[in-house]
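# Remarks on the overall topology
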Amino acid sequence: MSNNKNGYSIKKIADLIGVSKMKVYRTITKNHYKEQYKVGQTLYFDETVKNLLEKELKEVSVTEDHNTEQKDYLVDELKDRVQSQQEQIVKLTRLLDQSQQLQFMAENKIKQLENKMTGEQDKKDSAEEPVQTSNVDNTVAKAERGFWSRLFKW
């Protein structure tokens, strides 16, 4: 079959190097290596082609291992970033909630003060206003008051 005297098949080279047959075939095609001879559909290559393939594919394997280590490092780094960003989101959400609660409380106090002032103003207005006998006098009195004072009944 395939031995050192007769040459090396793609399968034998792939087994020796420890890569897939497809990777060996693609490398042979890419580099335009010529077979030593062909039996049926099986291509046989000489020792020099086997050594070239072994050298090239082992370099690719080492590079892939290095790339895998880099990818693992990057994945870990990205996981750390995601974790810190999630913590920031939790903190900011808590701060936003507190801010909204404070805003709500401030608005309620302002409304209470406005209601107090409106109630006191109404008491003063009712005590100071003379009793009017006609609607014409009433509309004139409302027209004399400004827009904001009519709106807030000052």
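Treat the numbers as computed from the prediction; the structure is a model and nothing was measured.

## Brief notes about the nonpolar core
Core analysis: the biggest nonpolar cluster contains 12 residues, these being Tyr8, Ile10, Ile13, Ala14, Ile17, Val24, Ile28, Tyr33, Phe45, Val49, Leu53 and Leu57. Those elements giving two or more residues to this core turn out to be helix H1 (10-17), helix H2 (21-31) and helix H3 (47-128).

## Things to note about the environment of glutamate 56
Its place among the elements puts glutamate 56 in helix H3. Look past the residues within four positions of glutamate 56 in its chain and what remains in contact with it is Thr27, Lys30, Asn31 and Tyr33.

## Focus on the sheet that holds strand S2 (residues 37-39)
On the basis of which strands lie adjacent, the open sheet formed by 3 strands has the order S1-S3-S2 and antiparallel pairing. Pairing within the sheet leaves two strands with one partner each, and these edge strands are strand S1 (8-9) and S2. Bridging between S1 and strand S3 (residues 42-45) involves 2 bridges; their strand directions are antiparallel. For tyrosine 8, the partnering residue across the bridge sits in S3 and is phenylalanine 45.

Rules used throughout
- Residues numbered from 1 in each chain as written.
- Predicted model: local features only at pLDDT ≥ 70, side-chain atom pairs only at ≥ 80, totals over all residues.
- Heavy atoms only, no water.
- Core = buried A, V, L, I, M, F, W, Y, C linked by side-chain atoms within 4.5 Å.
- Buried < 20%, exposed > 50% of the residue type's maximum accessible area, 1.4 Å probe, protein only.
- Helix = DSSP H or I, 4+ residues; strand = E, 2+ residues; numbered from the N terminus.
- Contact = heavy atoms within 4.5 Å.
- Pairing = 2+ DSSP bridges.

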